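Read off the chains here:
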Amino acid sequence: MASYEEVEQVTKFLQSKIKTQPIVGIVCGSGLGKLAEEVQDPTIIPYTDIPGFPVSTVPGHEGKLVFGKLGGKEVVLMQGRSHCYEGYPPQKIALPIRCMKLLGVRTLLVTNAAGGINRKYKVGDVMIIKDHINLAGFAGVNPLVGPNDERFGPRFPAMSGSYDKKYRDLARSVAKNMNMESYLQEGVYSMMVGPAFETVTECRLLEILGVDATGMSTVPEVLVARHCGMKIFGMSLITNECIMEYDSTAFANHEEVLQTGKQRSEDLKKFFSKFVEQIEV
Ligand SMILES: O=P(O)(O)O[C@@H]1C[C@H](O)[C@@H](CO)O1
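Residues numbered from 1 in each chain as written. Predicted model: local features only at pLDDT ≥ 70, side-chain atom pairs only at ≥ 80, totals over all residues. Heavy atoms only, no water.

Under an unreviewed UniProt entry, the chain has the name Purine nucleoside phosphorylase and belongs to Lottia gigantea. Entered under Pathway (unreviewed entry) in the UniProt record, the comment concerning the chain runs "Purine metabolism; purine nucleoside salvage." Under Sequence similarities (unreviewed entry), UniProt gives the following word-for-word description of the chain: "Belongs to the PNP/MTAP phosphorylase family." (UniProt positions renumbered as here; feature names shortened; annotations may be inferred.)

Below, the structure is given as C-alpha cells:
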C-alpha cells in the first residue's frame, strides 16, 4: 500500500514534468487507448519513467500517461492500465488514481473492454455503467483494505450512486446526437480478477446476479476514486460474447477484444471528446 507521502512524491515527480493542471482523469481500457490521439498539446510520460508507478504488461495497453487538452478541458489520460491478474495488489492499482486526485482531478472517466453477459447485447455495443458488482471483493480484493488515511477519504465510503446520474444522462444525450443509439446500452459491470475468461457456469451465474457485462478491471479504480470524492463516469465496450452454452465451440480471446476495440475506436474518440467538452466537473 502506498502511503499518502509516497503518493505525494509520485505526484510531485509528475508536476515537475508538466505545465498543466488536469481536472479530468481518463483510464483507457484494452484496445481503447487511441483516445490519446485526440489530446491536444500532449506531454507524454511512459509509466516505466515514473518511480513507483504500476507498469502495464498486457498487449493493447501502451503504458503511457498523457497530459493535455481534450474537449477544451485539461486532462490526464492513462493510455493503458494495470490489472490484479498481472500480479499487482489492488492497492498498487489505486496509486495512479490517488496521484490524479493530488494533481487536482475532480472527475474520473473509466473505460474497459468487457464480455456481454446480457443476451440482448451484441459485440460492438457500448454500455454506460450504472453500477458494478465487486465479485473480486467477495474474495477480499479491494484497494481500500488496510489502514485508512483520512486525507484520502473515510474508512467506510458509500458506494451507492458511484456512477454519476447527471453524467449518465449526458452520455445518453451525446450518444443520441452522434447517432449511436442503435448500439448504446446501460447496465451493470462485474469484475473478476482473471486472467482466465469465465466458464459457462460462471457466465450463467453472472446473468442470474443481474450482470450485463463482465471484465477484469475498473472496479478497483472506481472504489478509490469514490473514496476520495471524485465524480465518476464508466463505459464498457462489449468486445465479445460470453459463452453461455455448454456445447458451444466458440471461446473468448484477447485478439477479438483488441479487434473490436479497433473497430469502435473512431466512434469512441468522437464520443469522449464531445462528452468531456460538455461535462461539469
Ligand atoms: O483493461 P480492460 O478491462 O479493458 O481489459 C480487459 C480485461 C483483460 O485485461 C483483457 C481481456 O481481453 O481485456
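## What about the site of the ligand?
Inspection of the region around the ligand gives 13 residues, with Ser 30, His 83, Tyr 85, Ser 217 and His 254 positioned closest. A distance of 2.7 Å separates an oxygen atom of the ligand from a polar side-chain atom of His 83. Measuring from an oxygen atom of the ligand, one finds a side-chain N or O atom of Tyr 85 at 2.6 Å. Going through the elements one at a time, strand 5 (107-116) and helix 7 (254-278) are the ones with two or more residues in the shell around the ligand. Within the shell around the ligand, the residues separate by chemical class into 5 nonpolar, 7 polar and 1 charged. (Near = heavy atom within 4 Å. Polar contact = N/O pair within 3.5 Å; in protein donor to acceptor, adjacent residues only side chain to side chain. Helix = DSSP H or I, 4+ residues; strand = E, 2+ residues; numbered from the N terminus. Nonpolar A, V, L, I, M, F, W, Y, C, P; charged D, E, K, R; others polar.)

## Here's the deal with the packing of helix 1 (residues 4-17) against helix 2 (residues 90-103)
Running from N to C, helix 1 and helix 2 cross one another at 65 degrees; their axes reach a closest spacing of 9 Å. Classified by the angle between their axes, helix 1 and helix 2 sit roughly perpendicular to one another. Where helix 1 crosses over helix 2, the handedness of that crossing is right-handed. Between helix 1 and helix 2, the residues in contact are Tyr 4, Val 7, Glu 8, Val 10, Thr 11, Leu 14 and Gln 15 and Leu 95, Arg 98, Cys 99, Leu 102 and Leu 103, respectively. Of the residues belonging to the contact of helix 1 with helix 2, the class tally is 8 nonpolar, 2 polar and 2 charged. (Axes fitted to C-alpha atoms, helices over the stretch in contact; angles between N-to-C directions. Parallel < 35°, antiparallel > 145°, perpendicular 65-115°, else oblique. Left-handed = near helix turned anticlockwise from the far one by under 90°. Contact = heavy atoms within 4.5 Å.)

## Some words on the environment of Cys 28
On the secondary structure map, Cys 28 appears in the loop between strand 1 (24-27) and strand 2 (40-46). Overall, the relative accessible area of 1% leaves Cys 28 in the buried class. Measuring from C-alpha to C-alpha, the distance between Cys 28 and Lys 64 comes to 10 Å, with 36 residues separating the pair along the chain. Those residues in contact with Cys 28, other than ones at most four positions away along the chain, are Gly 33, Leu 35, His 61, Leu 77, Met 78, Gln 79, Gly 80, Arg 81 and Thr 111. (Buried < 20%, exposed > 50% of the residue type's maximum accessible area, 1.4 Å probe, protein only.)

## Brief notes about the confidence of the model for the chain
The predicted model of the chain has a mean per-residue pLDDT of 95, with 100% of residues at 70 or higher. Scored as a whole, the predicted complex attains pTM 0.96, and scored at its interfaces, ipTM 0.99. (pLDDT = per-residue confidence, 0-100.)

## Considerations on the side chain of Gln 185
In this structure, Gln 185 sits in strand 7 (residues 184-191). A polar contact is formed between the side chain of Gln 185 and the side chain of Asp 125, at a distance of 2.9 Å. When near neighbours in sequence (up to four residues on either side) are disregarded, Gln 185 contacts Lys 120, Tyr 121, Asp 125, Val 126, Met 127 and Ile 128.

## A word on the packing of aromatic side chains
Evaluation of the coordinates by the stated rule reveals 9 aromatic pairs. Here the aromatic rings of Phe 233 and Phe 271 are separated by 6.4 Å at their centres, their planes lie at 35 degrees, and the arrangement is tilted. Pair noted here: Phe 233 is in strand 9 (residues 231-241) and Phe 271 is in helix 7, with a separation of 38 residues, a long-range link. Since its relative accessible area comes to 0%, Phe 271 is described here as buried. Judged by centre distance (4.5 Å) and plane angle (40 degrees), the rings of Phe 233 and Phe 275 are tilted. Here Phe 233, found in strand 9, pairs with Phe 275, found in helix 7; they are 42 residues apart in sequence, far enough to count as distant. Neither Phe 233 nor Phe 275 differs from the other in exposure class; each is buried. Within the aromatic cluster, the residues linked to one another by ring pairs are Tyr 167, Phe 233, Phe 271, Phe 272 and Phe 275. (Phe/Tyr/Trp six-rings, centres within 6.5 Å; stacked < 30°, edge-to-face > 60°.)

## Notes on helix 4 (residues 165-177)
For helix 4, with 13 residues, the first-to-last C-alpha span of 19 Å sits near the 18 Å given by 1.5 Å per residue. For helix 4, the complete set of buried residues consists of Tyr 167, Arg 168, Leu 170, Ala 171, Val 174 and Ala 175. One side of helix 4 holds all its buried residues, which, seen down the axis, span an arc of 160 degrees. Along helix 4, the residues that are exposed and aim more than 90 degrees away from the buried face are Lys 166 and Asn 177. In this structure Asp 164 caps helix 4, since a side-chain oxygen of it lies 3.0 Å from the backbone nitrogen of Lys 166. (Expected span 1.5 Å × (residues − 1). Arc of directions from axis to C-beta.)

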